[in-house]
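Reading the structure
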Amino acid sequence: MKLSKKTLDGNMDTLLLAVLSDGPSYGYQMVQDLNAKAPGVLKTGEGTIYPVLHRLEERELIQSSWRTGETGRQRRYYRITLKGKKALADNRLQWAALTKVMGTVLGGMPAPETLRTTTCHGATP
């Protein structure tokens, strides 16, 4: 099951900060990394992440610089800042608390295999 845009909207900041906590990266590679970590669930494109990257940079949670990539082409690389690492740590605590509340209220979550075969029309998991 693919997550809805509505579900992802409030979480893309955290997902991108988490990807960048592994080291500097550029847009296309971040998309590939995100989609690879949740095949069939995340279907993110570059058009989705660039507005988020710009917002994170404006908030000084990440910094960018131009570098020459492996192919000799110039790419804009992003890296997480100390402020971004703190925001990521805070977001992880928020996510853990939300997960606990949702699990308690919903009475437990289905296994990931079940999520892939379940269809949610307009509902968020």
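Below is a summary of the structure that appears in this document. (Residues numbered from 1 in each chain as written. Predicted model: local features only at pLDDT ≥ 70, side-chain atom pairs only at ≥ 80, totals over all residues. Heavy atoms only, no water.)

Some thoughts on the packing of aromatic side chains
- The final tally for this structure, using the stated rule, is one aromatic pair.
- Summarising the aromatic geometry, the rings of Tyr26 and Tyr77 are spaced 5.3 Å apart at their centres and angled 70 degrees between planes, so their arrangement reads as edge-to-face. Taken as a pair, Tyr26 in strand β1 (residues 25-26) and Tyr77 in strand β3 (residues 74-80) lie far apart in primary sequence, 51 residues in all. Grouping residues by exposure puts Tyr26 and Tyr77 together as buried.
- The ring of Tyr77 has Arg67 lying over it, and the distance from NZ or CZ to the ring centre is 4.8 Å. (Phe/Tyr/Trp six-rings, centres within 6.5 Å; stacked < 30°, edge-to-face > 60°. Helix = DSSP H or I, 4+ residues; strand = E, 2+ residues; numbered from the N terminus. Buried < 20%, exposed > 50% of the residue type's maximum accessible area, 1.4 Å probe, protein only. Lys NZ or Arg CZ within 6 Å of the ring centre and 35° of its normal.)

Here's the deal with helix α2 (residues 12-20)
- Residues Met12, Asp13, Leu16, Leu17, Val19 and Leu20 constitute the buried set of α2. All buried residues of α2 project into a common sector of 160 degrees when viewed along the axis, lining one side. (Arc of directions from axis to C-beta.)

Remarks on the nonpolar core
- Formed by 21 residues in total, the largest nonpolar core has its most connected members in Leu16, Leu17 and Met30.
- Where this core is concerned, the elements lending two or more residues are α2, α3 (27-37), α4 (46-58), β3 and α5 (82-106).
- Ranked by the residues each element gives to this core, the list is headed by α2, at five residues.
- Beyond its immediate stretch of four places on either side in the chain, Met30 contacts Leu16, Val19, Leu20, Ser25, Ile49, Leu53 and Tyr78. (Core = buried A, V, L, I, M, F, W, Y, C linked by side-chain atoms within 4.5 Å. Contact = heavy atoms within 4.5 Å.)

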